[in-house]
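Spelled out from the first residue to the last, the chains are:
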Amino acid sequence: MHQNHRALGLAAHSTAVPSNLERGIDIAKRRPADPVTLLRPHAAARAARFFVEKFPGRPMYAVKANPSADLIQILWDNGITHFDTASIAEVRLVKSVAPQSVCCFMHPVKSEEAIAEAYFTHGVRTYSLDSMEELEKIVRATNGATDLTLCVRMRVSSEYAKLSLGSKFGVSLEESKDLLIATRQVADALGICFHVGSQTMTPDAYSAAMERVRAAIVAAAVTVDVIDVGGGFPSAYPGMTPPPLERFFETIHRAFESLPVSYSAELWAEPGRALCAEYSSVVVRVERRRGNELYINDGAYGALFDAAHIGWKYPVQLLREPASDARDMDFSFWGPTCDDLDFMQGPFPLPADTNTGDYFEIGMLGAYGQAMRTQFNGFTCHEFVVTDDEPMFSVYRDEVEQARPANVVKL
Ligand SMILES: *Cc1c(COP(=O)(O)O)cnc(C)c1O
């Protein structure tokens, strides 16, 4: 077990939690030919309760990060009542799992059919937009509804985020004035929303965005009822240890309190990654080794899209008993498809004697891992195993320690 702590790089990452490898080793002993997804409902529940208790407003789950029905149920059971949906399929999914939940349609470019179904069939009253065209579309599709909460999406800087969401959507400060005034005339409640980019590493991103919101409100001189700070709340990955989430919440709360908004204005957020990153991981098998490259049975068309396409680093741990005592070396991975793009550069540190037939766990794949999986080339994952051991890293470290004092190694 102790060698495995070293493999995790505990010293380097204060957010790493010592994990119990028993469940993973059990799986390895069965020698499954396909990847196995490990699910940690307790970790998703913990994240939900954390946001519900500590975020100084309303957290809604951004469904695109992981549209698993089980996960939606877990979040609902733990106090998440609102969901940020971006397609009509996501609205249908959430409503089928939690009929009492509230869906907000936060994609700024929607089809008229999707808006009409959301409004008339699913009772969706909240929509985002970033153009006059979309405003007119919403009015048309809802038959001139007068009970809408309409959130104007502003473009803000993505410079503090590991993954930009800054170019596709959002109005500039200059464009926002006319759109805010026009939207105010149609909306029952007027909101302003933005997204600072995913995996944002500093709360300053939110204070900078809030300053832009302030300027927009002042320029348009409209009454604003909702401020929606979007997603972007970080999780923990190798080489990415964010400040505590409480610091983000404090910064956002302070900025919100100082905005010129209506007395009863609400603060919303749309966390995706932070609510589900710790929910799942994947156990993979090595099918071949070539130098420092491991051919494994999951990849870019499976749960490792971000590892392949934007070089995302995920934690890895070898599942072998007895544990290897070889030193770590840096590996890259090839996924199972016949495509050269199916390559994960890493580096991923594993014991130097890792070889064909070995199993290892790739952690922190609950957000944008499972969600991106395809069936390309006939490779996918059919097996899901629920476990109550801890995820490899956690941003809910204090909560982990309170829950399992005996299981924690102090750093
Ligand atoms: C993707 C997305 C989110 C979730 O972002 P995370 O970085 O996963 O928290 C929230 N809101 C909108 C509009 C998004 O597009």
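Small disclaimer: the values here were computed from a predicted structure and weren't measured.

### Considering the packing of aromatic side chains
Then comes step 1: Inspection of the entire model under this criterion finds 21 aromatic pairs.
Then comes step 2: Pairing Tyr119 with Phe120 gives two aromatic rings, centres 4.8 Å apart and planes at 80 degrees, and the pair type is edge-to-face.
Then comes step 3: Of the residues examined, Tyr119 reaches a relative accessible area of 10% and is grouped as buried.
Then comes step 4: Aromatic pair Phe233 and Phe248: ring centres 6.5 Å apart, planes at 65 degrees, arrangement edge-to-face.

### Focus: the pattern of salt bridges
Two side chains carrying opposite charge are able to pair once their charged atoms lie near each other.
Then comes step 1: For the coordinates displayed, the defined rule picks out 20 salt bridges.
Then comes step 2: Its salt-bridge partner being Arg30, residue Glu383 comes within 2.9 Å of it at the nearest N-O pair. With Glu383 in strand E18 (residues 383-386) and Arg30 in helix H2 (residues 22-30), the pair connects residues that are 353 residues apart, well separated along the chain.
Then comes step 3: With a relative accessible area of 46%, Arg30 lands in the partly exposed category.
Then comes step 4: With a shortest N-O distance of 2.8 Å, Glu134 and Lys137 are connected by a salt bridge. Taken together, the positions of Glu134 and Lys137, both in helix H7 (residues 132-141) and three residues apart, correspond to about one turn of that helix.
Then comes step 5: Judged by relative accessible area, which is 13%, Lys137 ranks as buried.
Then comes step 6: Within this structure, Arg40, Glu361 and Asp389 form a network of salt bridges that share partners.

### Some details on helix H4 (residues 69-77)
Then comes step 1: Burial in H4 covers these residues: Leu71, Ile72, Ile74 and Leu75. Relative to the axis of H4, the buried residues are bounded by an arc of 160 degrees and lie together on one face. Away from its buried face, by an angle of more than 90 degrees, H4 presents the exposed residues Asp70 and Asp77.
Then comes step 2: Measuring from the side-chain oxygen of the N-cap residue of H4 to the backbone nitrogen of Asp70 gives 3.3 Å; that N-cap residue is Ser68.
Then comes step 3: Where H4 ends, the next residue or the one after it, Gly79, has phi of about 105 degrees, a positive value.

### Focus: the environment of Lys137
Then comes step 1: Sequence separation between Lys137 and Ile115 is 22 residues; the distance between their C-alpha atoms is 8.5 Å.
Then comes step 2: Setting aside residues no more than four positions away along its own chain, Lys137 makes contact with Val109, Lys110, Ser111, Glu112 and Ile115.
Then comes step 3: Within polar-contact distance, the side chain of Lys137 engages the backbone oxygen of Lys110 at 2.5 Å.

### Description of the domain arrangement of the chain
One widely used convention gives an interface's size as the accessible area the parts lose upon coming together.
Then comes step 1: Domains assigned within the chain are domain 1 (41-275) and domain 2 (280-401).
Then comes step 2: If you look at the interface, domain 1 gives 27 residues, while domain 2 gives 23 residues.
Then comes step 3: Taking both partners together, domain 1 and domain 2 bury about 2,000 Å²; carbon and sulfur atoms supply 64% of that area.
Then comes step 4: The largest contributions to the domain 1 side of the interface with domain 2 come from Arg46, Tyr237 and Pro238, which together make up 28% of the buried area.
Then comes step 5: Linking domain 1 with domain 2 are one salt bridge.
Then comes step 6: Between Arg46 and Glu390 there is a salt bridge whose closest N-O contact spans 2.8 Å.
Then comes step 7: The interface formed by domain 1 and domain 2 includes five residue pairs in polar contact (both at pLDDT 80 or more).
Then comes step 8: Of all the elements in the fold, those that place two or more residues in the side of domain 1 that touches domain 2 are helix H3 (41-54), strand E7 (161-163), strand E9 (198-200) and helix H11 (273-276).
Then comes step 9: Sorting elements by how many residues they give to the side of domain 1 that touches domain 2 places H3 first, with eight residues.
Then comes step 10: For the side of domain 1 that touches domain 2, the residue count by class is 17 nonpolar, five polar and five charged.

### What to know about the nonpolar core
Then comes step 1: One finds Ile227, Val229, Phe233, Phe333 and Phe360 to be the most contacted residues of the largest nonpolar core, which totals 109 residues.
Then comes step 2: Among the elements that make up this core, the one with the highest residue count is helix H9 (residues 204-220) (eight residues).
Then comes step 3: Each of domain 1 (41-275) and domain 2 (280-401) gives at least three residues to this core.
Then comes step 4: The residues contacting Phe333, other than those within four sequence positions of it, are Leu294, Ile296, Val316, Asp342, Phe343, Met344, Phe348, Leu350, Phe360 and Ile362.
Then comes step 5: Residues Ile25, Val36, Leu319 and Tyr359 belong to the second largest nonpolar core, which totals ten residues.

Rules used throughout
Residues numbered from 1 in each chain as written. Predicted model: local features only at pLDDT ≥ 70, side-chain atom pairs only at ≥ 80, totals over all residues. Heavy atoms only, no water. Phe/Tyr/Trp six-rings, centres within 6.5 Å; stacked < 30°, edge-to-face > 60°. Buried < 20%, exposed > 50% of the residue type's maximum accessible area, 1.4 Å probe, protein only. Salt bridge = Lys/Arg side-chain N within 4 Å of Asp/Glu carboxyl O. Helix = DSSP H or I, 4+ residues; strand = E, 2+ residues; numbered from the N terminus. Arc of directions from axis to C-beta. Polar contact = N/O pair within 3.5 Å; in protein donor to acceptor, adjacent residues only side chain to side chain. Contact = heavy atoms within 4.5 Å. Domains from an automatic or database assignment. Buried area = accessible area lost by both parts, 1.4 Å probe. Nonpolar A, V, L, I, M, F, W, Y, C, P; charged D, E, K, R; others polar. Core = buried A, V, L, I, M, F, W, Y, C linked by side-chain atoms within 4.5 Å.

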